[in-house]
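Given next are the chains, with one letter for each unit.
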Amino acid sequence: MSVSTDSCAPSVVETFDVHDPATGAVVGTYPVHDRHDVDAVVSSAHAAAAWWRDLGFAGRARYLDAWRSEIASGRDQLAQLIHREMGKPISDAKLEIAMALEHLRWAARNAEKVLGRRTVPSSLLTVNHAATVEYLPLGVVGVIGPWNYPVFTPLGSISFALAAGNAVVFKPSEYTPGVGSWLAEAFTRTAPAEPVLQVITGLADTGNALCRSDVGKIGFTGSSATGKLVMAACAENLTPVLMECGGKDALIVDADADLEAAADAAVWGGLSNAGQTCLAVERVYVHTAVYEKFLAELVAAASEIHAGAADSQIGPITMPKQLAIVRHHIEDALARGARALLGGTDAIDRQFVQPTILVDVPEDAAAVTEETFGPTLTVTKVRDMDEAVELVNRGTYGLGATVFARRRGRDIADRIRAGGTSINAFVAHATIPGLPLGGVGASGFGRVHGPDGLVEFTYAKATTRQRFPAPLPLTSFRRDHRVDTIVDLLVAVLHGRKRR
Ligand code: NAD
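Structure report, in brief.

Further remarks concern empty space enclosed by the protein. As enumerated under the stated definition, the model contains two cavities of 30 Å³ or more in all. There is about 100 Å³ of room inside the largest cavity. What lines the largest cavity is a set of 15 residues, and nearest its centre among them are Lys248, Arg283, Val392, Tyr397 and Gly398. Breaking the lining of the largest cavity down by element, the ones donating at least two residues are β11 (249-253) and β18 (397-398). For the lining of the largest cavity, a count of residues per class yields six nonpolar, five polar and four charged. Of all elements in the fold, only β11 and β19 (400-404) reach the threshold of two or more residues within the lining of the second largest cavity. For the lining of the second largest cavity, the element with the highest residue contribution is β19, accounting for three residues. When the residues that make up the lining of the second largest cavity are grouped by side-chain class, the tally is six nonpolar, three polar and one charged.

Following this line, the structure appears as structure tokens:
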């Protein structure tokens, strides 16, 4: 990524180039929006937010449906753009788009049911009031996105924020600004009158400007390190944040698991998208009884996958600086006694990393504790599922997990500290639109997708209406000794009885 200043233009416009990670060719040049630009965009979004809010759930759903069909019709072009900007194979890009559209449809269809006004029963002491709750939009939501799933991930915030009635200002990753711009242009074609979804482009400073602008919330998806900077910037204005951060997800294989299916899931979960998936399987823990058999299945399946050729199932490492991290994790593990059953340091060639499977890796090695974000897997033998759960839960991250087991799958899943766990399949919990997605610990907080993902971009509004005068004046200086005595009696009857 290079930054340039176009001195031929009448006013100086700073720009940055986007490179095809496989070839290094420049595939686009975009403006670096500064604080002033960002504030202007957010200001225009506020006016659009009022229009959008007033459309109501049904009105917004019509626009969101139209946007969905715009994206679906342009999916070939969009998939090409994803491939050019961040390198994943076109077929993976199309799968990503398909998944994102499922969530967009769910958000539009379910927003009213989840967020709309509903009555809430009152209590014995407040029986004279009718009560309602509803979930109202925050106004303008800022969304900051990563490059690894440049459609699925930001749409996890954008679709739900829009369905909840907010306007959105989106800062895509500097590696995929074209994809972000394409999505916003598709929306504008369906709603040209109002800038309900706008894109700003740039690097860290542009993201920082969005955090400090007049937005009602920031939906951030990216690394945990950047998440901390985002939170610090948002703290200035008490702007709330949704944090979808990194992970170090594990896959557990129990003694009675379907080993072929488990190996297939580990290979796809660890190697697809060249391992550049927040929910990627980076660690595998296998019951000692099936360890050797599983390893043989895994190595055989992973040996079929190659990076680098035009028709390869996995593409390049998108960020040049990530190569040093992947190399360090592999070298450090090998130096500390690990063995590479596939790949290793020789697996790294220019921007491409071939599948790497490491065994005998110490549990405190970087390859086990830190996010690698490359097509690597560590595989560790465990004596039983108690040890597997203990090792999985040891890390600071808690995004997702996969369990392969016939008999005890649910029991193992219930003991894992993570925002989501899929049993006998990889990542299913992230693809079901009605389920929330997010993490705990260093993986962040807040949720996208499902009802929680809608509520995330709203504030709860409670309203009461007195239906008849209070039989007992409680919140008034008219409350006398007689009322106090009755309240005392009620408290004793309702709450004071000892229960066994
Ligand atoms: P990143 O943290 O480098 O960047 C994310 C976004 O933040 C980019 O748009 C970037 O320009 C912006 N940014 C950078 N510095 C900023 C600052 N100081 N203030 C505001 N914005 C700033 O992450 P990335 O490399 O784009 O994405 C990969 C990371 O994202 C991985 O850690 C991955 O696990 C994580 N991720 C998480 C999820 C999830 O759902 N939890 C999904 C996808 C990716």
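What the rule picks out here adds up to 24 salt bridges. The partner of Arg350 in a salt bridge is Asp349, and the shortest N-O contact between them spans 3.5 Å. Residue class for Arg350 comes out exposed when judged on its relative accessible area of 61%. A salt bridge links Asp386 to Arg415, with the nearest nitrogen and oxygen atoms 2.5 Å apart. Highlighted residues: Asp386 in helix α13 (residues 385-392) and Arg415 in the loop between α14 (409-414) and β20 (420-423), separated in sequence by 29 residues. Since its relative accessible area comes to 33%, Arg415 is described here as partly exposed.

Here is what the cut-offs are and how they apply
- Residues numbered from 1 in each chain as written.
- Predicted model: local features only at pLDDT ≥ 70, side-chain atom pairs only at ≥ 80, totals over all residues.
- Heavy atoms only, no water.
- 1 Å grid on protein atoms, 1.4 Å probe; cavity = no way out; pocket = protein on both sides within 12 Å on 5 of 7 lines; lining within 4 Å.
- Points joined across faces, edges and corners; volume = space filled by probe spheres on them.
- Helix = DSSP H or I, 4+ residues; strand = E, 2+ residues; numbered from the N terminus.
- Nonpolar A, V, L, I, M, F, W, Y, C, P; charged D, E, K, R; others polar.
- Salt bridge = Lys/Arg side-chain N within 4 Å of Asp/Glu carboxyl O.
- Buried < 20%, exposed > 50% of the residue type's maximum accessible area, 1.4 Å probe, protein only.

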